[in-house]
Amino acid sequence: MKRVIAAAALLAAAFFGYRYYDTSYAPEKNYKEFAEEMLKRHYDTAATMTDGLTAQDLAKAGTQEKIGAGPAMFQTLFPSRFNIESRTATNLGVTLHAVQTVLFNPPGVESAVRPAMYATLNQTVTLRKTSDGWKITSFENRLDKMDSLAAR
């Protein structure tokens with residue numbers, strides 16, 4: 001009898017743990033993966049992470065297109081840093097207000113170890129829970145600033 005109760009308690013803990021993860025961390029994880037695909041200009045891949053947005057819609061809001069001279073400015077991209085500034089649960093899903101810090105080297109600057117420049121983008125993304133998991137339903141992308149890392 002003790003084993004049955006212990007097994008039931010373990011199953012209940014696993015269920016509630018998964019529910020907590022699914023509502024707390026899964027939307028942020030999906031947003032970060034989506035934002036990285038946008039940065040790399042993989043709009044078709046990013047479109048599969050959305051509900052109702054096409055690759056053409058995403059190309060208009062593209063991260064590289066919002067920064068400086070556009071895609072020609074990026075010789076080497078490094079993994080982004082993210083700061084989730086606020087999270088609001090609505091009846092439509094979850095809205096995240098975040099800052100993506102893009103680290104990169106412009107043409108003519110070559111370093112495989114350390115980026116030379118950074119750009120911060122203020123992003124607002126709305127996610128909705130679907131049968132396939134969390135999907136992005138809207139994405140706003142605004143350049144905040146760009147500078148060399150030495151000036152930071």
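The structure reproduced in this document is the subject of the present report.

What counts and how
Residues numbered from 1 in each chain as written. Predicted model: local features only at pLDDT ≥ 70, side-chain atom pairs only at ≥ 80, totals over all residues. Heavy atoms only, no water. Salt bridge = Lys/Arg side-chain N within 4 Å of Asp/Glu carboxyl O. Helix = DSSP H or I, 4+ residues; strand = E, 2+ residues; numbered from the N terminus. Buried < 20%, exposed > 50% of the residue type's maximum accessible area, 1.4 Å probe, protein only. Core = buried A, V, L, I, M, F, W, Y, C linked by side-chain atoms within 4.5 Å. Contact = heavy atoms within 4.5 Å.

## A word on the pattern of salt bridges
Part 1: All told, the structure shown has five salt bridges when counted by the stated rule.
Part 2: For the salt bridge of Arg41 with Glu65, the shortest nitrogen-to-oxygen distance reads 3.0 Å. One end of the pair, Arg41, is in the loop between helix H2 (26-39) and helix H3 (43-48); the other, Glu65, is in helix H5 (residues 63-66), and 24 residues separate them in sequence.
Part 3: Overall, Arg41 belongs to the partly exposed group, its relative accessible area being 39%.
Part 4: Residue classification places Glu65 among the partly exposed residues on the basis of a relative accessible area of 31%.
Part 5: Two residues, Arg142 and Glu140, come together in a salt bridge whose shortest N-O distance is 3.1 Å.

## What about the nonpolar core?
Part 1: Counting residues in each nonpolar core, the largest one holds 20 residues, and the members touching the most others are Phe34, Met38, Leu58, Val125 and Phe139.
Part 2: Among the secondary structure elements, those contributing two or more residues to this core are H2, H3, helix H4 (55-60), strand S2 (93-105), strand S3 (117-130) and strand S4 (133-148).
Part 3: Ranked by residue count, the leading element in this core is H2, at five residues.
Part 4: Phe139 has contacts with Phe34, Met38, Ala61, Gln123, Thr124 and Val125, leaving out every residue within four places of it along the chain.
Part 5: Residues Phe74, Phe104, Met117 and Ala119 belong to the second largest nonpolar core, which totals nine residues.

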